[in-house]
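Below, each chain spelled out in residue letters.
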Amino acid sequence: MAKEYYTVSEIIGPLMLVENVEGAKYEELVEIELANGEVRNGRVLEVNYDKALVQLFQEPRGLDVDSVKVRFLGRGVEIGLSPDILGRVFDGQGKPIDDGPEIIPEIKRDINGSAINPYARDYPAEFIQTGFSTIDGLNTLVRGQKLPIFSGSGLPHNQMAAQIARQAKVLGKEERFAVVFAAMGITFGEANFFMDDFRRTGALERTVLFINLADDPAVERIATPRMALTVAEYLAFDMDMHVLVILTDMTNYCEALREVSAARKEIPGRRGYPGYLYTDLSMIYERAGRIKGKKGSITQIPVLTMPEDDKTHPIPDLTGYITEGQIVFSRSLHRKGIYPPVDVLQSLSRLKDKGIGEGKTREDHSDIFNQLFAAYARGLEARELQVILGEAALSDIDKIYFKFAEEFENRYIQQGEDEDRSITFTLDLGWELLSKIPRMELKRIRPEYLKKYLPKFLKEEKK
Amino acid sequence: MDKGRIIKVAGPLVIAENIENAKMFDVVEVGEQKLIGEIVELRENKAAVQVYEETSGLGVGDPIVSTGAPLSVELGPGLIESIFDGIQRPLDKIKEVAGDTITRGVRVDIIDREKKWEFKAVKSEGDEIEAGDILGEVDETVLVKHKIMVPYGIKGKIKKIKSGEFTVEEIIAVIEGEDGKEYKLSMLQKWPVRQGRPYTVKKPPIIPLITGQRVIDAFFPVAKGGTACVPGPFGSGKTVIQHQLAKWADADIIIYIGCGERGNEMTDVLQEFPELKDPRSGEPLMKRTVLIANTSNMPVAAREASVYTGVTIAEYFRDMGYSVAVMADSTSRWAEAMREMSGRLEEMPGEEGYPAYLSRRIAEFYERAGRVECLGKDTREGALTIIGAVSPPGGDLSDPVVQATLRVVQVFWSLEDKLAYRRHFPAINWLTSYTLYTDSFDEYYKKEIGSEWKEMIQKSMRILQEEAELEEIVRLVGLDALSPDNRLIMETARSIREDFLHQNAFHPVDTFTSFKKQFQMIDIILFFHSRAEKALKNKVSVGDISVLPIREDIAQAKFIDEKETNKIDELKKKIDEVFEKLEKESSNG
Ligand SMILES: Nc1ncnc2c1ncn2[C@@H]1O[C@H](COP(=O)(O)OP(=O)(O)O)[C@@H](O)[C@H]1O
Ligand SMILES: [Mg+2]
């Protein structure tokens, strides 16, 4: 039986100071018992002589200095795991909220996980078809990648994330697939949107959900992504499943972290976020990947809303520095009614190069996307020129690019909320759009591919 | 005296009291698991310790003991092809012992103790030797002859030396020291990482590091023994450039430091380098490479140490007389690790919370680069090039780490997100980047490639600068306002950008361009330009010139195999022909 302390001396925001403590350990799990018998948790943030600083996992409401009882449990924060976890719904703390039975754990794991040895990693290279041209064609996702969506408030990131979860597949393979979904501070409506979508498509039984809503205490969501990822690791590396993890909204998570940091009176970094935000986020994002000799994989799609649509805000900025690319949303495309409103120029998949090409997608893939990027960028410049000087000022070639950009947005970027495009469709669509540009301009495409593919689309054009 | 014990744990920082024989920067063993830490501050009987492993589970009262030695690396045969963490623990061996994740308190040999190496003595008994002299050699890999050097501080006469098969710990030579002491030498040495290894004298760099990257070699070359930095926002191509240099630069040894960055990027190198062939020797690139990997999710303090670990290993190979190149990706993570420790030590923060000593540390680090005359009587020369990536928040170059770096490095490759968005790679801005070495290479250029090279480069740069000015005009009044000459400048500038500067790292041929081929590529672009200028005078229209199909051949030159580059020169004749035809047509019509 762990020793009990009645020696709480301070409770400030999400922090609690316990005095005259013996042998408390850094990162140790703490149980806090209220006078009415209610039990809450926390973890040790710092030990200093006989004082232990504890971060509360639940809100401090109802706690007092005199009557609460504190126990140090001698272990870190753990989550119980078993195959029965699939299809279940938990709160942000890992307690079931779906009327199902308690999980009888086969194994318990510390939710912090531990860093994958870079030597043990296997490089992600397996193409995932999401059915989105903007992803499959231009920012290809591969198994084991971490590819966030940088969105803004009111933009359809949830629709896109749900559609990815629905449509994602590895071509030519039937494998065990699961979704782990962690909601942090999103609204009830948003959470319901996902649940309904999973239910409608029959995905719920291979999904594990952790739900921390906007009106749940902010500090509760610090543990949420870690629980979700511990479950994902279990499913991927113990149960050989391919796991897609959706974390939404990371901005809310970071704000909770800032709150704890502020309460500790740490020297704030940019915009008040703690200096260790990069490290903290990397401990979450780096839990994606593949491991040599293991069948399963963890692919992460974190979603975050950029405050004021600002990509240089610390949350998107540090995320982009860690993740393997980013899908960036554009408010102006959204206003034009284009779904998904993906700003393809700012978006990037860093792992695409090994996931595409012959035997994976098609030999011409990388040339095609390089050319599409270049052409669209040129088209946007032409558009800018047109705005300033009027259409008459455009040279003939600028006019061609101008039209290309319009068509590219309306046909390549734009697609339906239930439209699941094959990679062949996406690649051919790229050729079709490029076929309207003079051949001499297509410098990014190898001559042999021009010879092989272009005529087909030129002919179609003439019909 | 009391036993050392922990009194405070705050993240990677531990405060302890009564550590016996505590000295600054000595290594300590922390807790029951003997985690590795380093003393970074001493106040009376209290020591602040940065711990290189996860500290969870440590508590007040846990024991802490000094090893009495500073943080050091092990040096000797067996380094090449290794992958180490920030404090030189071999990650492959850790995996053998601990499985797929990094577990705390794991102890493994840094350099293999069992493996036997064929040591070939080059000195004989009775020879007078001093520090730095080469005693013998080991063929460590097909690419690297590992020179076994007399350690620093030893001078005397060889009493015994013999060739044969030895482990790194076995005695290969016995020295009768001038000081009367007898030194038994093995192939294994140690050196404290925070202290640069000595050399005889530093010399100004005079030879460019040829990287096979066109924009770098032609416009912004770095010297063997020089320093360069690559700042840029995320996704602008810092890591790809570092990888490209590690692959294709003509250095003898590559030390690649992944400091606080992605795990998969290290895996990428690990899986790719053994497969890729060095264009000069035809051997796998891994055979000259050492990797240091302290990824972002690995302990922060070890991130701080990783750049020192890397550069010390680099100096050791430099001392053998090699040209060594160090890539550090990213130095910002190193600086942030310093900031985190400084914050926890409650030091007075400077700009952006970085410690006041940030610029000094950065300057000291880059100062370890250089072309040097090594210790030892044979006056051999070694070179250490340092190329650091910098990751400023939001890509903002006013960031203190960028600024401190720019004050010391000689080459600035400025990556721009706008170029990256339009997939112009490498996204090095040709107008804002610079190198301070160009004049140092005059001799080299004259000898290796032709004295006209410099002029060609200057001319190309002028065209690019003019393009930038003309673009302004076009933006205001449209393309029609430009004279034919100016329109031609725009066309040629575009050709320089798209056909020369743009280089696809993932294309099998384009990924590397020899210096000779670079010359040919620039040459053909400028040849076309001069010929076009002449044609303009002969009343040919710019419009007709800009759609000449031969331009497609110039654009494809980058994809011509290194063995067939004469095809580029052959284009000249064709260019002449098409222009003559144009001129005839326009004078007839
Ligand atoms: N030379 C290049 N050729 C082709 N693609 C490149 C090149 N440089 C960068 N890229 C593209 O840009 C992406 C981001 O580059 P990276 O070096 O990872 O950026 P950073 O390290 O600055 O965040 C790469 O994944 C790749 O797709
Ligand atoms: Mg990078």
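Here, every reference points to the structure presented above.
Described in the following lines is the structure provided in the data block.

So, how was this worked out
- Residues numbered from 1 in each chain as written.
- Chains lettered and ligands numbered in written order.
- Predicted model: local features only at pLDDT ≥ 70, side-chain atom pairs only at ≥ 80, totals over all residues.
- Heavy atoms only, no water.
- Helix = DSSP H or I, 4+ residues; strand = E, 2+ residues; numbered from the N terminus.
- Rg over C-alpha atoms; globule rule 2.2 N^0.38 Å.
- Buried < 20%, exposed > 50% of the residue type's maximum accessible area, 1.4 Å probe, protein only.
- Contact = heavy atoms within 4.5 Å.
- Pairing = 2+ DSSP bridges.
- Axes fitted to C-alpha atoms, helices over the stretch in contact; angles between N-to-C directions.
- Buried area = accessible area lost by both parts, 1.4 Å probe.
- Salt bridge = Lys/Arg side-chain N within 4 Å of Asp/Glu carboxyl O.
- Polar contact = N/O pair within 3.5 Å; in protein donor to acceptor, adjacent residues only side chain to side chain.
- Nonpolar A, V, L, I, M, F, W, Y, C, P; charged D, E, K, R; others polar.
- Near = heavy atom within 4 Å.
- Areas by Shrake-Rupley, 256 points an atom, 1.4 Å probe, with all protein chains shown as cover.
- Parallel < 35°, antiparallel > 145°, perpendicular 65-115°, else oblique.
- Left-handed = near helix turned anticlockwise from the far one by under 90°.

### Digging into the overall build of chain B
Secondary structure assignment for chain B yields 16 helices and 26 strands. The C-alpha atoms of chain B give 28 Å as radius of gyration, which agrees with the globular expectation for 589 residues (25 Å, within 12%). Principal-axis analysis of the C-alpha atoms gives chain B an extent of 105 × 55 × 40 Å. In chain B, which comprises 589 residues, the proportion classed as buried is 62%. By sequence separation, contacts in chain B at least 24 residues apart represent 70% of the contacts at least 6 residues apart.

### So, the sheet that holds strand β16 (residues 182–185) of chain B
Residues and elements named next belong to chain B. Pairing is antiparallel across the open sheet formed by four strands, whose spatial order is β10-β13-β15-β16. In the strand order of this sheet, the two ends are held by β10 (128–130) and β16, each with one partner. The mean inter-strand angle of the sheet, taken between neighbouring strand axes irrespective of direction, is 40 degrees. The sheet contact formed by β10 and strand β13 (residues 155–161) spans three bridges and is antiparallel. Bridged to glutamate 130 within β13 is lysine 155.

### A word on the interface of chain A and chain B
Each side of the interface is counted separately: chain A has 72 residues, and chain B has 85 residues. Contact between chain A and chain B buries roughly 6,500 Å² in total, counting both sides, with carbon and sulfur atoms accounting for 53%. At the surface where chain A touches chain B, the tally comes to nine salt bridges. We note a salt bridge from Arg494(B) to Glu441(A), for which the minimum N-O separation is 3.1 Å. If you look at where chain A meets chain B, you find 36 residue pairs in polar contact (both at pLDDT 80 or more). Those elements that place two or more of their residues in the side of chain A that touches chain B are β5 (39–48), β11 (121–122), α6 (277–285), α7 (314–322), α9 (352–355) and α10 (365–389) of chain A. Tallying contributions element by element places α10(A) first for the side of chain A that touches chain B, with nine residues. Its residues assigned to classes, the side of chain A that touches chain B shows 34 nonpolar, 16 polar and 22 charged. As defined by bridge partners, β5(A) adjoins strand β1 (residues 5–10) of chain B across two bridges and the pair is classed as antiparallel. Residue pairing for β1(B): Val47(A) is matched across the bridge by Val9(B).

### Topic: the site of ligand 1
Close contacts around ligand 1 come from 17 residues, with Arg350(A), Gly235(B), Lys238(B), Thr239(B) and Val240(B) the closest. At the site occupied by ligand 1, the surrounding residues belong to chains A and B. In this structure, an oxygen atom belonging to ligand 1 sits 2.7 Å away from a main-chain N or O atom of Gly235(B). Separating a nitrogen atom of ligand 1 from a backbone N or O atom of Gln503(B) is a distance of 3.3 Å. Protein coverage of the free-state accessible area of ligand 1, which is 560 Å², stands at 94%. Of the residues that constitute the shell around ligand 1, the class distribution is seven nonpolar, six polar and four charged.

### Some thoughts on the packing of α10(A) against helix α12 (residues 423–434) of chain A
Residue and element names in this part refer to chain A. Remark: α10 packs on α12, axes separated minimally by 10 Å, with the N-to-C direction vectors making an angle of 45 degrees. What the angle tells us is that α10 and α12 run oblique. Here α10 and α12 pass one another in a crossing that is left-handed. Residues His365, Ile368, Gln371, Leu372 and Ala375 of α10 form the contact with α12, whose participating residues are Ile423, Leu427, Gly430, Trp431 and Leu434. For the contact of α10 with α12, a count of residues per class yields seven nonpolar, three polar and no charged.

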